[in-house]
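Here are the chains, one letter per residue:
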Amino acid sequence: MTAPSSASLLSSVPMAPKDPILGEKRPTAPPQVTFSERATIELGGTLVELFEAQAHRTPDAPAVTCDGRTLTYAELNALADVVATRLVTEHSAGAEAIVGLRMARSIEMVAGILGTLKAGAGYLPLDPTYPPERLAFMVEDSQAVVTLTSDDIGGAPGARRRRAVLPAQTAYVIYTSGSTGMPKAVINTQRMLCSNLQQIGQCFPCLGDKPPVFVDWLPWNHVFGGNHNFGLVLYNGGTLYIDDGRPVPGLVEKTVQNLREISPTIYFSVPRGYDALLPFLREDKALRDSFFRRLELLQYAAAVLPQPTWKAYEDLAAQACGERVQWITGYGATETAPETAPPDAAASEAAATASATLAGTGSGNGKGESLMIRTCAFSSRGGSVPGRGNPTTETF
């Protein structure tokens, strides 16, 4: 079996909802930034370059919102510079140094991540809800030079200090769950993260059609929320609304309230998250209309999405906006940042075969210069659904 070419796949895959049921297709904004404009820094560049280029292009665009507070790209860039200067001058942070960030997902943590990267160091996300002994182990094992909290983020801008940042440098360290023993550190480089963002963009050019809007609850100490979603927003000049909800009773209501106020263009979650949100969407027309108003894609990962849940969202989308919204899913590994596969024909064929059964996972080449396998199961008429037919597998 020969894996299909990216050109043939992309030519046959719809990149925006095109299955009208009750009315005309929703209008799409004109493209803002083409991939060619970023081609000089993507695969051989760094997240710092990508973010600063975006801040230069759209300084006044909203970058991140949390608890009613919003920073533009210019403001976030300036705050990250303050963090970088402090790390360099007070803690001698630089290449291959690790900086712990012990704070909840917030504007301060976004600035802490970017500031650490600007200092040339790698960051270590430390979830404050973790047991103290686990946090202590991660800090000691990673040999972090300093651990910052939200109180350490801020201050008046001064003379800017930073380090050179190279593609091969460590961008961050993430620890596995430890379900099979002690948690282990996984290093992701600047090149690995940039390659992933470029690959995802090539799979879904609609991300570049207009700035994406994410309402996201996924944790940043996990590769799905931390690499995939966080990176996609900044890479494409979008806005990240930090959702303080969770798909559990007592917290999912916060997500519901956020989605009443903000209409996402793409929504990412796990099957449990979609199940938790479903009864609210069924019962609340205002929420349903807000959620689907400009939604282009739904993505699930981490587990199989039950067919009844899939069908329920199709029906609700039809009620709200007159057309189905595309479902996609992706598989990957923490070690591959996350969605990658080896750059050789035999491995690509094997990965494509695995993906075709909705069980594919990727593996990198150790350099971050890897290819991507993503399973796209579209819900338009004639397309495949979980457990029926063959999903579209895009291989780069």
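The structure displayed is predicted, hence computed values, not measured ones. (Residues numbered from 1 in each chain as written. Predicted model: local features only at pLDDT ≥ 70, side-chain atom pairs only at ≥ 80, totals over all residues. Heavy atoms only, no water.)

Draft legend 1. Up close: the overall build of the protein chain. Helices and strands together make up the secondary structure of the protein chain, namely 12 helices and 14 strands. Counting only residues that meet the buried cut, the protein chain has 56% of its 396 residues in that class. Contacts in the protein chain between residues at least 24 apart in sequence constitute 76% of all its contacts with a sequence separation of at least 6. Accessible surface, the protein chain as shown: approximately 16,100 Å² in total, 55% of it carbon and sulfur. (Helix = DSSP H or I, 4+ residues; strand = E, 2+ residues; numbered from the N terminus. Buried < 20%, exposed > 50% of the residue type's maximum accessible area, 1.4 Å probe, protein only. Contact = heavy atoms within 4.5 Å. Areas by Shrake-Rupley, 256 points an atom, 1.4 Å probe, with all protein chains shown as cover.)

Draft legend 2. How the structure looks around the sheet that holds strand 10 (residues 266–269). If you walk across this open sheet you meet the three strands as 10-11-12, and the pairing is parallel. Two strands close off the open sheet at either side, each with one partner strand: strand 10 and strand 12 (326–329). For this sheet, the mean inter-axis angle between neighbouring strands, taken without regard to orientation, is 20 degrees. Judged from the four bridges that link them, strand 11 (residues 297–300) and strand 12 form a sheet pairing that is parallel. Note that in strand 12 the partner of Q299 across the bridge is I328. Contacts between helix 7 (residues 223–235) and the sheet are confined to strand 10 and strand 11, with strand 10 contributing the most and set at about 175 degrees to the helix. (Pairing = 2+ DSSP bridges. Axes fitted to C-alpha atoms, helices over the stretch in contact; angles between N-to-C directions.)

Draft legend 3. Structural detail: the environment of Q319. With respect to the helices, strands and loops of the structure, Q319 is situated in helix 11 (residues 307–321). For the pair Q319 and K285, spaced 34 residues apart in sequence, the C-alpha separation works out to 9.5 Å.

Draft legend 4. Summary view of the packing of aromatic side chains. One pass over the structure, following the stated rule, counts 13 aromatic pairs. Relative to Y274, the ring of Y267 lies with its centre 5.9 Å away and its plane at 75 degrees, an arrangement referred to as edge-to-face. We note that Y267, like Y274, is buried. Members of the aromatic cluster, connected to one another through ring pairs, are Y267, Y274, F291, F292, Y300, W310, Y313 and W327. Sitting above the plane of the W220 ring, R105 keeps its charged end 5.7 Å from the centroid. (Phe/Tyr/Trp six-rings, centres within 6.5 Å; stacked < 30°, edge-to-face > 60°. Lys NZ or Arg CZ within 6 Å of the ring centre and 35° of its normal.)

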